[in-house]
Amino acid sequence: MSKNALILRKKQFVKSVVNWGKNNLREFPWRTNTTPYKVFIAEVLLKRTTSTAAKRTYTEFLKRFPSIKKIHQSRRRDIEIKLRPVGLYNQRSKGLKESARYIVKKHAGKIPDEYQELMKVPHVGHYTAGAVLSFGFGKPAPILDSNVRRVVCRVFQDELGKSPTDKQILDFLSEVIPKKSHQVFNWGLLDIGAIICSYQFQKHDECPLKEICVYYRKS
């Protein structure tokens, strides 16, 4: 494929995801009235559990622990109690306490707004860092989870190869992410991967990316 053709495909990719997202995004409490802290907590709750379980816990958890400083000041046992509905409460509470301790000590209780600084926070990875920057601070930063990886790898299968590294995918997303609509773009990728382009089932007829998708063309 020529360089110009690839550039056009990338532009169509972004446009299609954003246009789809404007009308089809799923509704979750952590997608409204966002703050860096709220996004951070949502990502902790969403790890290795369902959005349904996280949704049941999210609002009540924020009421009990409205800030990083509150988590830092609270007993781990109290945090575990609020985390029980999402499971893995020992691991989550331990991770939250360690993250909170670091943020209070190094950043006076304020979640950092730079990628490299976020990556220094214990238990924060590429996905959480990107989510906090994009959804919490309004900065155009890519996110990468299994759903996003699947969509990008299927659409750009020829360009990225069969097993691209996380860095390759993040570099690709950093190149194409739109500055003004990055939140809709990121949420759109997440939701397309979750409800249209899942691991086992693909709703090709509903997919906004099928016209440029290598996986669809070869299937």
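As the structure is a computational prediction, the values presented were derived from the model and not from experiment.

### Overview of the overall build of the protein
Turning to step 1, where the next piece is worked out: Along the protein, the regular secondary structure elements total 13 helices and zero strands.
Turning to step 2, where the next piece is worked out: Starting at the N terminus and ending at the C terminus, the protein contains elements arranged as α-α-α-α-α-α-α-α-α-α-α-α-α.
Turning to step 3, where the next piece is worked out: Its C-alpha atoms give the protein a radius of gyration of 18 Å, within 12% of the compact-globule value 17 Å for 219 residues.
Turning to step 4, where the next piece is worked out: Across the 219 residues that make up the protein, the buried fraction comes to 46%.
Turning to step 5, where the next piece is worked out: The contacts of the protein with a sequence gap of at least 6 include a subset with a gap of at least 24, amounting to 63%.
Turning to step 6, where the next piece is worked out: By element, 50% of the accessible surface of the protein is carried by carbon and sulfur atoms, the whole surface being about 11,800 Å².
Turning to step 7, where the next piece is worked out: Mean positive and mean negative side-chain charge positions of the protein (42 and 19 charges, respectively) differ by 5 Å.

### Quick notes on the nonpolar core
Turning to step 1, where the next piece is worked out: Core analysis: the biggest nonpolar cluster contains 66 residues, and Phe13 and Phe185 have the highest contact counts within it.
Turning to step 2, where the next piece is worked out: Here this core takes seven residues from helix H2 (residues 36–46), the largest share from any one element.
Turning to step 3, where the next piece is worked out: Excluding its chain neighbours within four sequence positions, the residues that come into contact with Phe185 are Phe13, Val14, Val17, Val18, Leu173, Val176, Ile177 and Pro178.

### Quick look at the environment of Gly95
Turning to step 1, where the next piece is worked out: The topology assignment puts Gly95 in helix H6 (residues 89–107).
Turning to step 2, where the next piece is worked out: Relative accessible area serves as the criterion here: at 7%, Gly95 is assigned to the buried category.
Turning to step 3, where the next piece is worked out: Between the C-alpha atoms of Gly95 and His123, which are 28 residues apart in sequence, the distance is 6.2 Å.

### Quick look at H2
Turning to step 1, where the next piece is worked out: Burial of H2 is extensive: nine of the 11 residues sit out of reach of the surface.
Turning to step 2, where the next piece is worked out: Taken residue by residue, H2 has Pro36, Tyr37, Val39, Phe40, Ile41, Ala42, Glu43, Val44 and Leu45 as its buried positions.
Turning to step 3, where the next piece is worked out: Looking one or two places after H2, you find Arg48, whose phi comes out positive at around 55°.

### Quick look at the pattern of salt bridges
Turning to step 1, where the next piece is worked out: Under the defined criterion, the tally for this structure stands at 17 salt bridges.
Turning to step 2, where the next piece is worked out: Note that Arg26 and Asp191 form a salt bridge whose closest N and O atoms lie 2.7 Å from each other. Taken together, the residues span a long stretch of sequence, with Arg26 in the loop between helix H1 (3–24) and H2 and Asp191 in helix H12 (residues 182–195) at a distance of 165 residues.
Turning to step 3, where the next piece is worked out: Two residues, Asp78 and Arg64, come together in a salt bridge whose shortest N-O distance is 3.8 Å. Of this pair, Asp78 sits in helix H5 (residues 76–83) while Arg64 is found in helix H3 (residues 51–64), placing the two residues 14 residues apart along the sequence.
Turning to step 4, where the next piece is worked out: Overall, Asp78 belongs to the buried group, its relative accessible area being 19%.
Turning to step 5, where the next piece is worked out: Because the salt bridges share partners, they merge into one network encompassing Arg26, Arg31 and Asp191.

### Considering the packing of H2 against H3
Turning to step 1, where the next piece is worked out: Relative orientation of the contacting elements H2 and H3 amounts to 140°, with a least axis distance of 9 Å. Considered as vectors, H2 and H3 are oriented oblique to each other. Where H2 crosses over H3, the two elements pack in a sense that is right-handed. Two secondary-structure elements touch here, H2 through Tyr37, Lys38, Ile41, Ala42, Leu45 and Leu46 and H3 through Ser51, Ala54, Thr57, Tyr58, Phe61 and Leu62.

### Looking at the packing of aromatic side chains
Turning to step 1, where the next piece is worked out: In the structure shown here, the tally under the stated rule is eight aromatic pairs.
Turning to step 2, where the next piece is worked out: When the ring of Phe28 is compared with that of Trp30, the centres are 4.9 Å apart and the planes differ by 10°; the resulting orientation is stacked. The burial state of Phe28 is the same as that of Trp30; both residues are buried.
Turning to step 3, where the next piece is worked out: An angle of 10° between the planes, with centres 4.5 Å apart, marks the rings of Phe135 and Trp187 as stacked.

### Let's talk about the side chain of Ser74
Turning to step 1, where the next piece is worked out: Turning to its location among the elements, Ser74 is positioned in the loop between helix H4 (68–73) and H5.
Turning to step 2, where the next piece is worked out: Judged by relative accessible area, which is 9%, Ser74 ranks as buried.
Turning to step 3, where the next piece is worked out: When near neighbours in sequence (up to four residues on either side) are disregarded, Ser74 contacts Arg64, Phe65, Ile79 and Lys97.

Definitions and cut-offs
- Residues numbered from 1 in each chain as written.
- Predicted model: local features only at pLDDT ≥ 70, side-chain atom pairs only at ≥ 80, totals over all residues.
- Heavy atoms only, no water.
- Helix = DSSP H or I, 4+ residues; strand = E, 2+ residues; numbered from the N terminus.
- Rg over C-alpha atoms; globule rule 2.2 N^0.38 Å.
- Buried < 20%, exposed > 50% of the residue type's maximum accessible area, 1.4 Å probe, protein only.
- Contact = heavy atoms within 4.5 Å.
- Areas by Shrake-Rupley, 256 points an atom, 1.4 Å probe, with all protein chains shown as cover.
- Lys, Arg positive; Asp, Glu negative; His and termini not counted.
- Charge placed at Lys NZ, Arg CZ, Asp CG, Glu CD.
- Core = buried A, V, L, I, M, F, W, Y, C linked by side-chain atoms within 4.5 Å.
- Salt bridge = Lys/Arg side-chain N within 4 Å of Asp/Glu carboxyl O.
- Axes fitted to C-alpha atoms, helices over the stretch in contact; angles between N-to-C directions.
- Parallel < 35°, antiparallel > 145°, perpendicular 65-115°, else oblique.
- Left-handed = near helix turned anticlockwise from the far one by under 90°.
- Phe/Tyr/Trp six-rings, centres within 6.5 Å; stacked < 30°, edge-to-face > 60°.

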